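# Tertiary structure, described
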Amino acid sequence: MLVWLADFAGTFPILNVFRYITFRAGGATATALLFVFFFGPWAISWLRLKQGKGQPIRTDGPESHLAKRGTPTMGGLMILTGLFVATLLWGNLRNPYVWIVLGVTATYGAIGFYDDFLKVTKQSHKGFSSKARLGLEIVIALAACTAIMQVSPPSIASGFAMPFLKELIIPLGILFPVVTAFVVVGAGNSVNLTDGLDGLAIVPVMIAAGTFGFISYLAGNAIFANYLQIHHVPGVGELAVICGAMMGAGLGFLWFNAPPAQIFMGDTGSLGLGGMLGTIAVAIKHEVVLAIVGGLFVVEALSVIIQVAVFKRTGKRVFLMAPIHHHFEKLGWTEPQVVIRFWIISVVLALVGLATLKLR
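Residues numbered from 1 in each chain as written. Predicted model: local features only at pLDDT ≥ 70, side-chain atom pairs only at ≥ 80, totals over all residues. Heavy atoms only, no water.

Helix and strand counts for the protein stand at 13 helices and two strands. Contacts in the protein between residues at least 24 apart in sequence constitute 74% of all its contacts with a sequence separation of at least 6. Here the protein displays about 15,900 Å² of accessible surface, and carbon together with sulfur accounts for 71% of that area. (Helix = DSSP H or I, 4+ residues; strand = E, 2+ residues; numbered from the N terminus. Contact = heavy atoms within 4.5 Å. Areas by Shrake-Rupley, 256 points an atom, 1.4 Å probe, with all protein chains shown as cover.)

Next up, the structure:
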């Protein structure tokens, strides 16, 4: 919204800074951070009052988690509200990519909110029907990926780019929305599975958002894209503003989510933020890089898939408990040890993902 001030740069040269994505991304980061930080205590009190017993705690999980009873959930509302306020204030609202990403974030967040609502009101882990939920996610992802294909340059609109290879792009044609929808749905649910310990999911999400904000800026700049030999996608640089807002909102939320958490992110936040990351990856043609940068989320999801598949086939468990962060808790790691070590892994994976830009 504030980008319109750049129209007056001829009269007031100082307003020219509003043309710069970097300046507006920084503004979005600060705005989202302050918004969540200052409104967080009120939101937590309100959610605690409305939810009563808070999020139900698994009785078959680590015993240390039983002390978390009564902690409110749906903290994702704080994150998403801060993200939207900052993006609508600092972003270029004439950019179609902005609306596509915000659309997926909002709708995935709404699905997660309904799931959280059912769990809290019923005091049960059985929320939204898994089949209905997955079906909605797929429909939304297909619509978003089709829209991305329509607004992208024709030469790469339906292509799937590969890291490490300079000019290679796999033409998918009409299958592009189907293949890339898998990326969006997978990202949303992988982040959702990772959100099981205080602070575990939000920091890797911020790291991924920061990484993709940087890549978005480079991919949207013809000079940088040409130098790094990555595919130039006009307009995606604006997604750096959304990523900046995500980082600011995430930092504000972490203040309250740090162990011992005053509030949980819930499916409201994890599903919405995961869908956001997946959509940005599709828009900037870095779907495979998301699997590297978000490798922690991939491992978390795979641990659940492997556990379920092997147990159904043999009746035995590969991990002491899935997702894998609970496996390490069962091995004797304390919750802070698991969380911080997984953060370190996320930083390393982000660096590896950025290295693919120069290894082409």
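Still more ground to cover, so stick around.
Turning our attention to helix H4 (residues 130–151). Its 22 residues give H4 an end-to-end C-alpha distance of 32 Å, which sits within 8% of 32 Å, the value for a rise of 1.5 Å per residue. When we look at burial in H4, the residues that qualify are Arg133, Glu137, Ile140, Ala141, Ala144, Cys145, Ile148 and Met149. Where H4 is buried, its residues meet helix H3 (96–122), helix H5 (176–194) and helix H9 (266–283). (Expected span 1.5 Å × (residues − 1). Buried < 20%, exposed > 50% of the residue type's maximum accessible area, 1.4 Å probe, protein only.)

Looking at where Arg133 falls in the secondary structure, it is placed in helix H4. Judged by its relative accessible area of 9%, Arg133 is buried. If we skip the residues at most four places from it in the chain, Arg133 touches Ile111, Asp115, Phe128, Asn189, Asn192, Asp267 and Leu271.

With that out of the way, let us pick up the nonpolar core. Ile202, Leu239, Met246 and Leu273 are the most contacted members of the largest nonpolar core, which has 88 residues in total. For this core, the element with the most residues is helix H6 (residues 202–219), which contributes 11 residues. One finds Leu296, Val338, Val339 and Phe342 within the second-largest nonpolar core, a separate group that totals eight residues. (Core = buried A, V, L, I, M, F, W, Y, C linked by side-chain atoms within 4.5 Å.)

All right, on to unusual backbone geometry then. A cis amide bond links Pro259 to the next residue, Pro260, at an omega of -10°. Assignment of secondary structure puts Pro260 in the loop between helix H8 (239–257) and H9. The omega torsion of the bond from Ala322 to Pro323 falls at 0°, within 30 degrees of zero and hence cis. Its location among the elements puts Pro323 in the loop between helix H11 (295–314) and helix H12 (324–330). Unlike most non-glycine residues, Gln229 shows phi in positive territory, near 60°. Tracing the backbone through its elements, the reader meets Gln229 in the loop between helix H7 (222–228) and H8.

Look at helix H1 (residues 21–51) against H8: their axes get within 7 Å of each other, and the N-to-C directions meet at 30°. In terms of their interaxial angle, H1 and H8 are classed as roughly parallel. As H1 runs across H8, the sense of the crossing is right-handed. Counted together, Ile21, Arg24, Ala25, Ala28, Thr29, Ala32, Leu33, Val36, Phe37, Gly40, Pro41 and Ile44 of H1 and Ala240, Val241, Gly244, Ala245, Gly248, Ala249, Leu251, Gly252, Phe253, Trp255 and Phe256 of H8 form the full contact between these two elements. (Axes fitted to C-alpha atoms, helices over the stretch in contact; angles between N-to-C directions. Parallel < 35°, antiparallel > 145°, perpendicular 65-115°, else oblique. Left-handed = near helix turned anticlockwise from the far one by under 90°.)

Next up on the list: the packing of aromatic side chains. A complete count under the given rule lists nine aromatic pairs for this structure. Measuring from centroid to centroid gives 4.8 Å for Phe35 and Phe39, while their planes differ by 35°, and the two rings are tilted. With Phe35 and Phe39 both in helix H1 and four residues apart, the pair spans about one turn of that helix. A ring pair is formed by Phe328 and Phe342, whose centres lie 6.0 Å apart and whose planes are at 85°; its orientation type is edge-to-face. Linking Phe328 in helix H12 with Phe342 in helix H13 (residues 335–358), this pair joins segments that are 14 residues apart in sequence. Residue class for Phe342 comes out buried when judged on its relative accessible area of 5%. An aromatic cluster of three or more residues is present, and its members are Phe37, Phe38, Trp255 and Phe256. Between Arg341 and the ring centre of Trp333, over which it is positioned, the NZ or CZ distance is 4.5 Å. (Phe/Tyr/Trp six-rings, centres within 6.5 Å; stacked < 30°, edge-to-face > 60°. Lys NZ or Arg CZ within 6 Å of the ring centre and 35° of its normal.)

To find leftover empty space, one rolls a probe the size of a water molecule over the atoms. Roughly 190 Å³ of internal volume is contained in the second largest pocket. Along its surface, the second largest pocket is lined by Phe35, Val36, Phe39, Gly40, Trp42, Ala43, Trp46, Leu47, Leu77, Met78 and Thr81. Ranked by the residues each element gives to the lining of the second largest pocket, the list is headed by H1, at eight residues. Taken together, the residues of the lining of the second largest pocket sort by class into nine nonpolar, two polar and no charged. (1 Å grid on protein atoms, 1.4 Å probe; cavity = no way out; pocket = protein on both sides within 12 Å on 5 of 7 lines; lining within 4 Å. Points joined across faces, edges and corners; volume = space filled by probe spheres on them. Nonpolar A, V, L, I, M, F, W, Y, C, P; charged D, E, K, R; others polar.)

In the structure shown here, the tally under the stated rule is six salt bridges. Between Lys119 and Asp115 there is a salt bridge, with the nearest N and O atoms lying 3.3 Å from each other. Of the two residues, Lys119 and Asp115 are both situated in helix H3; the distance of four residues between them amounts to about one turn of the helix. In this structure, Arg133 engages Asp115 in a salt bridge whose closest nitrogen and oxygen atoms are separated by 2.7 Å. Here Asp115 lies in helix H3 and Arg133 lies in helix H4, a separation of 18 residues in the sequence. (Salt bridge = Lys/Arg side-chain N within 4 Å of Asp/Glu carboxyl O.)

Within the secondary structure, Phe176 sits in helix H5. You can call Phe176 buried: its relative accessible area is 0%. The sequence separation of Phe176 and Thr146 amounts to 30 residues, and the corresponding C-alpha distance is 7.8 Å. Those residues in contact with Phe176 that lie beyond four places of it in its chain are Cys145, Met149, Ala157, Ser158, Gly159, Val282, Lys285 and Glu287.

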